[in-house]
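Residue-level listing of the chains:
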Amino acid sequence: MARIIALAFVLLLALLSSCGKRKADVLYFNGTIYSGESSSSNLQAFAVRDGRIVSTGSDDDILDGFDAPKKVDLKGRTVLPGFIDAHCHFFGYASDLLKCDLTGSRSYEAALELLNAFSKTNKFSWLLGRGWDQNDWEDDSFPTRERLDSLYPTVPVFLMRIDGHAALCNAVALQLAGINGDTRVAGGEVLLNQSGEPTGLLIDNAVDLVKAKIPPFPDSLNAEALLKAQQHCFSVGLTTVDDAGLGKDSIFLIDRLQQEGKLKLRVYAMISDSKETRDYFFSKGPYKTDRLNVRAVKVYADGALGSRGACLKRPYADQPGHYGFLLHDLAYMNDIMDEAHENGFQVCTHAIGDSAVKTILMLYRENLSGENPRRWRIEHCQVVDPADMDYFSRYSIIPSVQPTHATSDMYWAEERLGKDRMTGAYAYRSLEREAETIAFGTDFPVERINPLLTFYAAVSRKDLEGNPPDGFRAEEAMKRKDVLKAMTTWAAYANFEEEEKGLIDNGYFADFIVLDRNIMEIDEEQIPQTRVLSTYVNGELVYGAE
Ligand SMILES: [Zn+2]
């Protein structure tokens with residue numbers, strides 16, 4: 001009798017548990033999964049339904065608790081929330097794919113070979129190139145247009161130098177821009193040969209004469225480039241990109257490609273501060289879909305440190321009497337902030353020098369009341385006077401920074417700033433401590449798109465050769481768990497998306513990546529070699545294999 005009762009009980013339990021099983025589309029199990037909340041891998045498995053994570057836990061929890069037509073064995077591999085790049089130029093990166101990449105070419109001849117190969121698939125009316133640097137060539141004098149003219153007698157050719165301050169053009173391009181031996185340009189130069197004809201090499205404002213004649217890429221080409229760029233992003237584990245400054249037509253195109261199901265990458269679009277774009281979006285109000293979020297405006301306070309355009313409180317150490325400068329007067333910036341505030345928009349201001357950062361902190365203070373529910377951000381924050389640090393906490397202003405800038409700039413930053421100002425330079429840990437949050441990005445295409453290089457730079461404060469051995473201002477290195485947050489959940493917070501992105505947790509989008517090694521534990525030198533095996537957006541495999 002007892003045996004019969006026991007058997008009945010077991011049968012009843014089995015019945016109950018199968019009835020009690022919830023439905024899911026896919027179960028992922030046997031993983032080393034970091035939810036993004038804690039410093040250790042706290043999950044083995046999760047269930048996905050309709051593009052969202054519906055449950056997380058141990059293998060037993062998920063495999064026993066759910067019924068799903070598909071189960072994926074993660075084979076013990078490391079799984080993280082998909083990376084968010086909090087500040088990049090995704091559209092700009094895509095446009096660059098429509099130009100021949102001449103970076104790293106070792107001679108003019110080699111550059112021409114690259115151009116020739118590119119020209120065979122070029123669909124645009126101009127032949128565009130970028131990234132050449134004659135300093136890398138054996139003959140380091142500026143190139144001239146003769147070879148271009150004979151190779152391309154009918155198509156206009158425009159090849160931008162790596163620094164964007166010079167360009168080489170062929171005769172067709174010069175003619176379209178109306179440039180001849182008599183052309184004079186304020187703030188620029190048309191180089192001439194011995195017979196007084198343009199050599200094809202233009203400097204600074206003279207470059208703009210030709211640039212102004214290049215028609216915009218048609219939507220069909222932009223679309224093609226955006227889809228290619230998205231594939232590059234997926235291959236390095238990015239599932240959301242914050243594009244720091246987009247015009248309205250670019251945003252419309254992104255929205256259309258997403259609605260058509262072609263662009264699967266999620267985009268946080270900061271609108272550019274052009275009047276047309278501002279007027280349109282400020283009158284319409286924030287716009288949000290599952291893949292696109294338009295609720296921020298990008299403003300520039302100053303320039304860059306390398307070119308001494310960043311606005312400093314005291315003169316540059318390597319240029320006496322020069323402070324850099326603000327790009328707009330305060331009234332202009334204040335008006336945009338007012339308008340943004342009134343229409344429910346976030347303000348993301350590019351500020352690099354300590355004077356620019358202080359100016360923006362003060363303007364934000366005037367426009368916000370303490371708590372900063374609008375989550376206004378300062379982009380870059382490269383040089384912050386330690387005396388101004390606590391404004392970030394007092395007004396809960398979000399620093400949005402790019403750790404690879406620290407390891408790219410570390411060789412010359414002190415020349416610009418002098419030793420004493422280095423304390424507040426690239427001070428990510430200090431900023432994180434003040435603000436209790438920080439968002440990480442790359443500023444690609446200025447830096448490479450790979451977020452694992454951001455992770456490495458933030459943790460090690462070293463370049464890819466492992467220099468300097470003790471790390472650049474190593475006291476500003478951050479803990480891996482915080483670096484992961486800065487690239488996922490804190491970046492999501494900076495986008496008002498912390499309830500749907502940045503964690504592997506119930507209710508969140510199933511945006512996640514599988515890595516070939518565990519970046520939370522391996523030796524730091526190994527981090528840059530880490531490869532993304534697969535990337536998922538909304539539960540869909542968009543890169544790699546299962
Ligand atoms: Zn930028």
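Okay, so let's go over this structure.

Procedures and definitions
Residues numbered from 1 in each chain as written. Predicted model: local features only at pLDDT ≥ 70, side-chain atom pairs only at ≥ 80, totals over all residues. Heavy atoms only, no water. Disulfide = S-S within 2.5 Å. 1 Å grid on protein atoms, 1.4 Å probe; cavity = no way out; pocket = protein on both sides within 12 Å on 5 of 7 lines; lining within 4 Å. Points joined across faces, edges and corners; volume = space filled by probe spheres on them. Nonpolar A, V, L, I, M, F, W, Y, C, P; charged D, E, K, R; others polar. Helix = DSSP H or I, 4+ residues; strand = E, 2+ residues; numbered from the N terminus. Patch = residues over 30% accessible without salt bridge, like charges linked within 9 Å, V, L, I, M, F, W, Y side chains within 5 Å. Areas by Shrake-Rupley, 256 points an atom, 1.4 Å probe, with all protein chains shown as cover. Salt bridge = Lys/Arg side-chain N within 4 Å of Asp/Glu carboxyl O. Buried < 20%, exposed > 50% of the residue type's maximum accessible area, 1.4 Å probe, protein only. Contact = heavy atoms within 4.5 Å. Polar contact = N/O pair within 3.5 Å; in protein donor to acceptor, adjacent residues only side chain to side chain. Donors = N, O, S within 2.8 Å, 3.2 Å for Na, K, Ca; no water.

For the rest of this paragraph, the subject is the state of the cysteines. On inspection of all chains with the given rule, the structure shows 0 disulfides. Between C169, a cysteine without a disulfide, and C100, which holds the nearest cysteine sulfur, the sulfur-to-sulfur distance is 15 Å.

Looking now at empty space enclosed by the protein. Taken as a whole and assessed by the stated rule, the structure comprises 3 cavities of 30 Å³ or more. Taken as a whole, the largest cavity holds about 60 Å³ of empty space. Around the largest cavity, the lining residues are P81, G82, I84, T239, T240, E500, K501, G502, L503, F509 and D511. Of the residues assigned to the lining of the largest cavity, the class counts are 4 nonpolar, 4 polar and 3 charged. Reported here for the second largest cavity is a volume of approximately 40 Å³. Around the second largest cavity, the lining residues are I84, D85, L238, F440, G441, T442, P451, T454 and M487. Of all elements in the fold, only β9 (83-88) and α17 (451-460) reach the threshold of two or more residues within the lining of the second largest cavity.

Looking at the second largest pocket, its volume works out to about 220 Å³. Surrounding the second largest pocket, L97, L98, F118, T121, N122, K123, F124, L221, E224, A225 and K228 form its lining. Ranked by the residues each element gives to the lining of the second largest pocket, the list is headed by helix α8 (residues 219-235), at 4 residues. Taken together, the residues that form the lining of the second largest pocket break down as 6 nonpolar, 2 polar and 3 charged.

Together, Y300, F325 and L327 make up an exposed nonpolar region whose accessible area comes to about 270 Å². On the secondary structure map, L327 appears in the loop between β19 (292-300) and α11 (330-342). Residue classification places L327 among the partly exposed residues on the basis of a relative accessible area of 41%.

Let us look at the environment of H165. Along the chain, H165 turns up in the loop between β12 (157-161) and β13 (166-169). Residue H165 is classed as partly exposed on the basis of its relative accessible area, which comes to 41%. Sequence-wise, H165 and A206 are 41 residues apart; in three dimensions their C-alpha atoms are separated by 9.4 Å. Once residues within four sequence positions are removed from consideration, H165 is found in contact with L202, I203, D204 and V207. One polar contact links H165 to D204, side chain to side chain, over a distance of 2.7 Å.

Coordination of the zinc ion by the protein comes from H87 (NE2), H89 (NE2) and D443 (OD), over a distance range of 2.1 to 2.2 Å. Sequence positions of the residues that donate to the zinc ion give the spacing H-x1-H-x353-D. Of this pair, H87 sits in strand β9 while D443 sits in the loop between β23 (439-440) and α17, and the two are 356 residues apart along the sequence.

Along helix α16 (residues 428-435), the positions that sit buried rather than exposed are Y428, S430, L431, E432 and A435. Taken together, the buried residues of α16 touch α13 (390-394), β22 (398-401), α14 (403-409), α18 (480-487) and α19 (489-494). Remark: E436 follows α16 within two positions and exhibits a positive phi of approximately 60 degrees.

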